[in-house]
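# Analysis of the macromolecular model
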Amino acid sequence: MIRFPCTLVTVALFCVPAIAQQAANKYIECEQYAIPTNTTSGSGYTAIEAGLDGKIYVGTANYGGSAHIVQFDPRTRKWRDIIDAHKVTRWNGTGLDSFSKFHTKIVVDADGAIWAASKQGNEEFGNRPEYGENPTGHPGAHLFSYDPKAGIVRDHGVVLKQEGLMGGVIDRQRRLIYYRSDPKSHLVCYDITSNTVRDLGQTASTARYMAIDPRGRVFLTGRKGFLCMYDPVADELYDLAVQREGPGTYVDPYAIIMSADGTHIFGCVGGGEYVMEFDLESIRVEENMPGANGTILCHHVARSIPEPLPFGGQHAGTLGKNGCFYFPNVSNDQAHLIRYDPKTKRTEDLGTMRVKGKPDQKLTSAQGACVGADGTLWMKFLDKPYAIIAFPKLTARNR
Amino acid sequence: MGDGLNSHFRLALAFVWSLSFSSLLITLAPAAEVEPGVLTPLKTIELDLPPGERSVVELFLTTTNTLKVVTAGKRLHTLELDLKTRQFAPAPVPLNRPEDAVALLRDSSGEVNFHLNRAGNLMVAELPKRTKWIDAGKVAGVRPREKDGWQLSAALVLDNEGNVLTAGKDGTLFRYTTKTSKLEPLKARLPSVKGREPWASLDAAVLHERNVIYGGTFDGYLFALDAWTQSIVTHGKPLRQQRIQGLAFRKGKLYGVGGEPDGMPRAFAFDPQASTFEIGGLLKFGAGTYDYIMEPIGAMIADREGNIYLGSTGRLGNLFVWEAGK
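Note that the coordinates shown come from a computational prediction; the quantities given were computed from them, not determined experimentally.

## Side note on the overall build of chain B
Along chain B, the regular secondary structure elements total one helix and 28 strands. A burial count over chain B gives 58% of its 326 residues as buried. Taking all contacts inside chain B whose residues are at least 6 apart in sequence as the whole, residues at least 24 apart take part in 52%. Only carbon and sulfur atoms are counted for the fraction: they give 52% of the accessible area of chain B, which is about 13,300 Å².

Next up, the structure:
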């Protein structure tokens, strides 16, 4: 009677690490392309997107100096420096409050124009000098566009005085671009046609990612436990209280990505146990709801990494051409590539990411992801070297 | 309008405080007796407004030691905060306010007796019914090269005698004498640099001892007005930024918050005896990177214990208390 459980425990003690080891030993290889070191101090965030021209556009962080938008051509494997923030703005600021980051998600208009906005190089708001009181004061993020056909960069000026910009989605139909300001977290809307900006109000968001549905409704995290939704038809900004369904505790997502059919938003968060699916059909706007303007259901649909691996950092995400949600999960100090299939509601660990020809190089800090027209998955890593990596055609529909 | 109105205002004087339009709220609580500066030991604590209540636009004290907090989310409400327990009374009460008021004064029962309207006229309630507003006259000037650029002050303040003071055209101070029901310009003018007179409006004001009123201007100057002699002493700008968002006295020291609406509010203190400033920086209420009060403080008030409450603007306005370290 006593031996049996003891045997079980013994087997478990030996087997569980073995299974974990087995899971950890599965690799998925990628190509790596280091970002030009003269454009960055080795850091960068959400700013990566595939242009309609097939090029990959990347925003860098260059603390104390000028941030850059650089272009990578997957055919020639060469980089081009497209925007030097200081040069374009003729701004000679130094220090952390100069245009030291391109943090926003780079967005692409229907005509192929590349849009990006700058940010101050810090989050030390306690010492924030206001513009004008200190030579390094941040005057406010500039919005830039790049026309790849004409090769022209345009500076559209400061969007919101003294504020940096983060997040970013484009409504191609209405020709509107949305950002979140930093640190005051106002949702701002830039109208490409009229070259005007509207401040849509406070969100209390620290969101890096935003999502937009086919109706032009914009989503971003808000106060803790809330998802903000801006509806351009009603011209209202709503605070939707999130109602969780499924196991675990709700934690505000870091990356949010619109599903291919525009009915759900996928989400993941550092250390998060579950992949989230926000059901846009479940949105209820309520006039007299205390503390909120309505509700939205969030389903915890699947473990963010299959057992037995522990949950880790999930600071990027993107939608594959096949409709699956791809995100990194840095478990046991190793970046695993996770695929969530909304049809089966399952996650799959595609393996520990490993750079082709560099088996000993560790990838641990993913920031930003996008997918090219051919289904190639691109990600940006802050490890040394600061680089983008590619999984050729990984997310293609018929692969 | 004469004696009845005057006595009414005298009665109200002890309880009524200036108010303005905003949406967060803060309290300053007593500091230790021995301290390097009056602002240094204060810490900010967030006090949540009841669910659904946002955007504090006015603050005033009642005779029963409660603070009335007027919120303007989708509707205008009055919340009652018990200053001892810091608990809100359960039910918010709908509140009336003149639609075109840019600055106003209430009595302790919450009724508006004066307001400055959008056209820059001082409006006086006809007592006792309050069914009519009497136009006491134009106060505001015009700001050149601005669309609809009335030079409107955000503050009305009562002096020791129950008269109402505000500022208007080219920074001129105006007094409405309740005994005579007359509005008149004073010889005193708000401080401003040359050419900025049309922008010299009264952002905030508070009555101190011996009928001296401390005020702050749109351009961020702090001044003291002797309401008897009509003389002004300019104390300069505590902050580089424009705007004085709120002022309140506690233990003989003046506490203030200033800064531009699209910047971040910053605290300062002024010692009237020594004529010195202390700069307090941003208003941080938590350990998080973003735990700063980021929207303008618009309403600020001190209670009898020396706590100071403030309000700031925004759709997500909340309640805070500044507390001294224990």
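## Overview of the overall build of chain A
In terms of helices and strands, chain A carries two helices and 30 strands. Relative to the globule expectation of 21 Å for 399 residues, the C-alpha radius of gyration of chain A, 22 Å, shows essentially globular dimensions. Counting only residues that meet the buried cut, chain A has 59% of its 399 residues in that class. Within chain A, residue pairs in contact and separated by at least 24 positions form 53% of the contacts whose partners lie at least 6 positions apart. Of the roughly 16,500 Å² of accessible surface on chain A, 51% is carried by carbon and sulfur atoms. Taking the average location of the 44 positive side-chain charges in chain A and that of its 43 negative ones, the two points are 6 Å from each other.

## What about the pairing of strand E4 (residues 66–72) of chain B?
All names here are of chain B. Taken across its seven residues, E4 has six buried, putting it largely inside the fold. Between the end of strand E3 (residues 56–61) and the start of E4, which pair antiparallel, lie four residues, with Asn-65 showing a positive phi angle near 60 degrees. Hairpin connection from E4 to strand E5 (residues 76–82): three residues lie between these consecutive antiparallel strands.

## Overview of the packing of aromatic side chains
Any pair of aromatic rings gets described here by the distance separating the centres and the angle formed by the planes. If you walk through the whole model with that rule in mind, you get 20 aromatic pairs over all chains. Ring geometry for Tyr33(A) versus Phe72(A): centroids 4.5 Å apart, planes at 35 degrees, classification tilted. Placement of Tyr33(A) in strand E1 (residues 27–34) and of Phe72(A) in strand E4 (residues 68–73) is noted, with a sequence separation of 39 residues between them. The class for Tyr33(A) is buried, based on a relative accessible area of 12%. Since its relative accessible area comes to 0%, Phe72(A) is described here as buried. Chaining the aromatic ring pairs together yields one cluster made of Tyr214(B), Phe249(B), Phe268(B), Phe270(B) and Phe277(B). In this arrangement the basic side chain of Lys237(B) is found over the ring face of Tyr221(B), its NZ or CZ atom lying 5.6 Å from the centre.

## Thoughts on the interface of chain B and chain A
The accessible area lost on association of the parts is a frequent measure of interface size. The interface of chain B with chain A comprises 23 residues on the first partner and 30 residues on the second. Taken together, both faces of the contact between chain B and chain A bury some 2,200 Å²; the carbon and sulfur share is 45%. Counting the surface chain B buries against chain A, the share from its top three residues, Tyr290(B), Arg315(B) and Leu316(B), is 31%. Our enumeration of links across chain B and chain A arrives at three salt bridges. Between Arg315(B) and Asp239(A) there is a salt bridge, with its nearest N and O atoms 3.1 Å apart. At the junction of chain B and chain A, the tally comes to 10 residue pairs in polar contact (both at pLDDT 80 or more). A per-class count over the side of chain B that touches chain A returns eight nonpolar, six polar and nine charged.

## A few points about the sheet that holds strand E10 (residues 121–125) of chain B
Residues and elements named next belong to chain B. Within the open sheet, the four strands sit side by side as E8-E9-E10-E11. Their pairing is antiparallel. Either end of the sheet is taken by a strand with one partner, and the two such strands are strand E8 (101–106) and strand E11 (133–138). The mean angle between the axes of side-by-side strands here comes to 20 degrees, regardless of whether they run parallel or antiparallel. The sheet contact formed by E8 and strand E9 (residues 112–117) spans five bridges and is antiparallel.

## Quick notes on the confidence of the model for chain A
Residues of chain A with pLDDT of at least 70 account for 93%, and the chain-wide mean is 92. Low pLDDT, under 50, characterises residues 1–19 of chain A; the predicted model gives this stretch two contacts beyond four residues in sequence or across chains.

## A few points about the sheet that holds strand E24 (residues 266–271) of chain B
All names here are of chain B. Pairing within the open sheet is antiparallel, and its four strands lie in the order E22-E23-E24-E25. Sheet topology places strand E22 (244–250) and strand E25 (276–282) at the edges, where each strand pairs with a single neighbour. Neighbour to neighbour, the strand axes of the sheet diverge by 20 degrees on average, direction disregarded. Inspection of the sheet shows E22 paired to strand E23 (residues 253–258) by six bridges, in the antiparallel sense. Across the sheet, Arg-250 pairs through a bridge with Lys-253, a residue of E23.

## A short note on the confidence of the model for chain B
Segments scoring low in pLDDT should not have their predicted coordinates read at a detailed level. All names here are of chain B. Summing up the model confidence of chain B, the mean pLDDT is 84 and the portion of residues at 70 or higher is 88%. Considering only residues more than four positions removed or in separate chains, one finds that residues 1–35, a stretch of pLDDT under 50, has 153 contacts. The complex prediction reports pTM at 0.87, with the ipTM value standing at 0.82.

## Describing the pattern of salt bridges
One pass over the structure, following the stated rule, counts 26 salt bridges over all chains. Across the salt bridge formed by Glu80(B) and Lys68(B), the nearest N and O atoms sit 3.2 Å from each other. Of this pair, Glu80(B) sits in strand E5 while Lys68(B) sits in strand E4, and the two are 12 residues apart along the sequence. Given the relative accessible area of 31%, Glu80(B) is considered partly exposed. Among the charged side chains, a salt-bridge network with shared partners connects Asp109(A), Asp111(A) and Arg175(A).

## With respect to the nonpolar core
One finds Phe278(A), Leu337(A), Met353(A) and Phe391(A) to be the most contacted residues of the largest nonpolar core, which totals 53 residues. By residue number, the principal contributor to this core is strand E22 (residues 274–285) of chain A, which donates five residues. Val38(B), Leu42(B), Val257(B) and Met300(B) belong to the second largest nonpolar core, which has 17 residues in total.

## Section: unusual backbone geometry
Asp182(A) connects to Pro183(A) through a cis peptide bond whose omega is 15 degrees. Among the structural elements, Pro183(A) can be located in the loop between strand E13 (176–182) and strand E14 (186–191). Going from Leu127(B) to Pro128(B), the amide bond is cis rather than trans, its omega being 5 degrees. Secondary-structure assignment places Pro128(B) in the loop between E10 and E11. Of note, the phi angle at Asn195(A) is positive, near 55 degrees, even though the residue is not glycine. Along the chain, Asn195(A) turns up in the loop between E14 and strand E15 (196–202). Of note, Lys345(A) is a non-glycine position whose phi angle comes to about 60 degrees, a positive value. Tracing the sequence through the fold places Lys345(A) in the loop between strand E26 (334–341) and strand E27 (346–355). Its relative accessible area of 37% is what places Lys345(A) among the partly exposed residues.

## Thoughts on the environment of Gln120(A)
Residue and element names in this part refer to chain A. Summarising the element assignment, Gln-120 is placed in strand E9 (residues 119–120). The class for Gln-120 is buried, based on a relative accessible area of 1%. Placed 21 residues apart in sequence, Gln-120 and Ala-141 show a C-alpha to C-alpha distance of 7.3 Å. With sequence-adjacent residues up to four places away left out, Gln-120 is seen in contact with Leu-96, Asp-97, Ser-98, Lys-101, Phe-125, His-138, Gln-162, Glu-163, Gly-164, Asp-182 and Pro-183.

## A few points about the environment of Val233(A)
Residue and element names in this part refer to chain A. Mapped onto the elements of the fold, Val-233 is located in the loop between strand E18 (226–231) and strand E19 (236–245). Classification of Val-233 as exposed rests on a relative accessible area of 67%. Through-space distance from the C-alpha of Val-233 to that of Gly-272 is 34 Å; in sequence the pair is 39 residues apart.

Rules used in this analysis
For every chain, the first residue of the written sequence is number 1, and numbering continues from 1 onward in sequence order. For this description, chains carry letters from A and ligands carry numbers from 1, given in the order in which they are written. Reporting of local features is limited, given that this is a predicted model, to residues whose pLDDT is at least 70; pairs of side-chain atoms are given and counted only at 80 or more, and all residues count toward the totals for whole chains, interfaces and linings. For the side-chain quantities, the full set of heavy atoms in the structure was used; hydrogens and water were omitted. Secondary structure elements follow DSSP: runs of H or I of four or more residues count as helices, runs of E of two or more count as strands, with numbering from the N terminus. For each residue, the accessible area found with a 1.4 Å probe, counting protein chains only, is set against the maximum for its type, and the residue is called buried under 20%, exposed over 50%, and partly exposed in between. The contact rule is simple, with two residues in contact once any of their heavy atoms fall within 4.5 Å. The protein chains shown are the only cover counted for residues, whose accessible areas, like all others here, come from Shrake-Rupley with a 1.4 Å probe. Atoms counted for the radius of gyration: C-alpha only. Globule rule: 2.2 Å times the number of residues to the power 0.38. The charged-residue count follows a simple rule in which Lys and Arg add positive charge and Asp and Glu add negative charge, with His and chain termini not counted at all. Charge positions are represented by NZ for Lys, CZ for Arg, CG for Asp and CD for Glu. Strand pairing follows a simple DSSP-based rule, namely that at least 2 bridges must link the two strands. Any two of the Phe, Tyr and Trp rings considered here, Trp counted by its six-membered ring, make a pair once their centres fall within 6.5 Å; the pair's planes then place it as stacked at under 30 degrees, edge-to-face at over 60, or tilted in between. Placement of a charge over a ring requires the Lys NZ or Arg CZ to be within 6 Å of the ring centre, with the centre-to-atom vector within 35 degrees of the ring normal. A quick way to say it: buried area is the sum, across both parts, of accessible area lost when two parts are put together, with a 1.4 Å probe. Take a side-chain nitrogen of Lys or Arg and a carboxyl oxygen of Asp or Glu: if they are within 4 Å of each other, that pair is a salt bridge. Two N or O atoms count as a polar contact when they lie within 3.5 Å, although within protein this holds only if one can serve as hydrogen donor and the other as acceptor, and sequence-adjacent residues are included solely when both atoms are side-chain atoms. Under the scheme applied here, ten amino acids are nonpolar (Ala, Val, Leu, Ile, Met, Phe, Trp, Tyr, Cys and Pro), four are charged (Asp, Glu, Lys and Arg), and all others, including Gly, are polar. Note on method: axes are straight lines fitted to C-alpha atoms, helices fitted across the in-contact stretch only, with angles between N-to-C directions ranging 0 to 180 degrees. Along the chain, pLDDT gives the predictor's confidence residue by residue, from 0 to 100. What makes a nonpolar core is a set of buried Ala, Val, Leu, Ile, Met, Phe, Trp, Tyr and Cys residues whose side-chain atoms join them at distances within 4.5 Å.

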